[in-house]
Amino acid sequence: MKRYVTLMTLLTLFSLSRVAAAEVQLEIELPRLDVAEYHPPYVAVWLEDSQRQAEHIAVWYDIAMRDGEGKEWLKDMRQWWRRGGRSLDLPIDGVTGATKGPGTHTINSQLNRVLSTLPAGDYVLNVEASREVGGREVLRLPLTLPLETTVLPLETKGERELARITLTAQN
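Residues numbered from 1 in each chain as written. Predicted model: local features only at pLDDT ≥ 70, side-chain atom pairs only at ≥ 80, totals over all residues. Heavy atoms only, no water.

> Would you explain the overall build of the chain in this entry?
Summing up its helical and strand segments, the chain has three helices and nine strands in all. Ordered by position from N to C terminus, the α and β elements of the chain give α-β-β-β-α-β-β-α-β-β-β-β. The contacts in the chain between residues at least 6 apart in sequence include a share of 67% that link residues at least 24 apart. Summed over all atoms, the accessible surface of the chain reaches about 10100 Å², with 50% contributed by carbon and sulfur. (Helix = DSSP H or I, 4+ residues; strand = E, 2+ residues; numbered from the N terminus. Contact = heavy atoms within 4.5 Å. Areas by Shrake-Rupley, 256 points an atom, 1.4 Å probe, with all protein chains shown as cover.)

Shown next, in the form of structure tokens:
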């Protein structure tokens, strides 16, 4: 009986470690808006712990503007800016990238890198979008680490600047 219990304990631990090591991906859907003047939104993705400390995952902005002028409007993503965006020395390899147009965009490697370094606990995955001659929107997905794949997918929908965000297990 003791050997059976030990085997079951090992199998349970193995199964939990596989869940903790599961790779995920975040899909961000930017809507196609019928407006006279469309500019792709600036987008920031970050994870906050219960003390609201941020781990930055992605920042999409106009990196091609001469003299780094694209950084000037990063502060329009107000929640992200207050959670540490203002103190970042951009660009950051693997985190920053160009703005994206309408459609579904996937983040996986940087997200998994951040998730693998964090201790167990409750977190909130935040996605904020701000668009010139447009609006601003923040979507949040609460999650608990280690992340169990049985709770996936996690999804929330936006109303204007973000169509939806979805966290899924990576295939």
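> Help me understand the sheet that holds strand β9 (residues 164–169) in this model?
In a beta sheet, neighbouring strands are held together by backbone hydrogen bonds and run either parallel or antiparallel to one another. Read across the sheet, four strands follow the order β5-β1-β9-β8 without closing on themselves; strand pairing throughout is antiparallel. At either margin of the open sheet sits one strand with a lone partner, and together these are β5 (103–107) and β8 (154–157). Strand-to-strand twist of the sheet, defined as the mean angle between neighbouring strand axes without regard to direction, takes the value 15°. As paired elements, strand β1 (residues 24–30) and β5 share five bridges and run antiparallel to each other. By the bridge assignment for β5, Leu30 is matched with Gly103. Each of β1, β5 and β9 touches helix α3 (residues 109–117); the most contacted strand, β1, lies at about 135° to it. (Pairing = 2+ DSSP bridges. Axes fitted to C-alpha atoms, helices over the stretch in contact; angles between N-to-C directions.)

> Just checking my understanding: could you explain unusual backbone geometry for this structure?
Across residues other than glycine, the phi torsion is negative in most instances, and most of the peptide bonds are trans. That bond from Leu90 to Pro91 is cis: its omega, 0°, falls within 30 degrees of zero. If you trace the backbone, Pro91 turns up in the loop between α2 (78–82) and β4 (96–97). Backbone torsion omega between Leu152 and Pro153 reads 5°, so that peptide bond is classified as cis. You can see Pro153 is positioned in the loop between β7 (136–145) and β8. In this structure, Arg52 takes a positive phi of about 65° despite not being glycine. By secondary structure assignment, the location of Arg52 is in the loop between β2 (42–48) and β3 (54–60).

> What is the right way to look at the nonpolar core in this model?
Side chains of a nonpolar character, in soluble globular proteins, are inclined to be buried together. Of all hydrophobic cores here, the largest spans 29 residues; its most connected members are Leu26, Ile28, Val45, Leu125 and Leu167. Those elements that provide at least two residues to this core are β1, β2, β3, α3, β6 (121–130), β7 and β9. Not counting residues up to four positions away in its chain, the partners in contact with Leu26 are Val45, His105, Thr106, Ile107, Leu111, Leu125, Val127, Ile165, Thr166 and Leu167. In this structure, Ala44, Leu74, Trp80 and Leu90 belong to the second largest nonpolar core, which totals 10 residues. (Core = buried A, V, L, I, M, F, W, Y, C linked by side-chain atoms within 4.5 Å. Buried < 20%, exposed > 50% of the residue type's maximum accessible area, 1.4 Å probe, protein only.)

> What am I meant to see in the sheet that holds β4 here?
Spatial strand order, β4-β3-β2-β6-β7: five strands in an open sheet with mixed pairing. Among the strands making up the open sheet, the edge pair consists of β4 and β7. Sheet analysis places β6 next to β7, joined by 10 bridges and oriented antiparallel. Bridging from a neighbouring strand, Val124 pairs with Pro142 of β7. The strands touched by α3 within the sheet are β2, β3, β6 and β7, with β3 carrying the most contacts at an inclination of about 175°.

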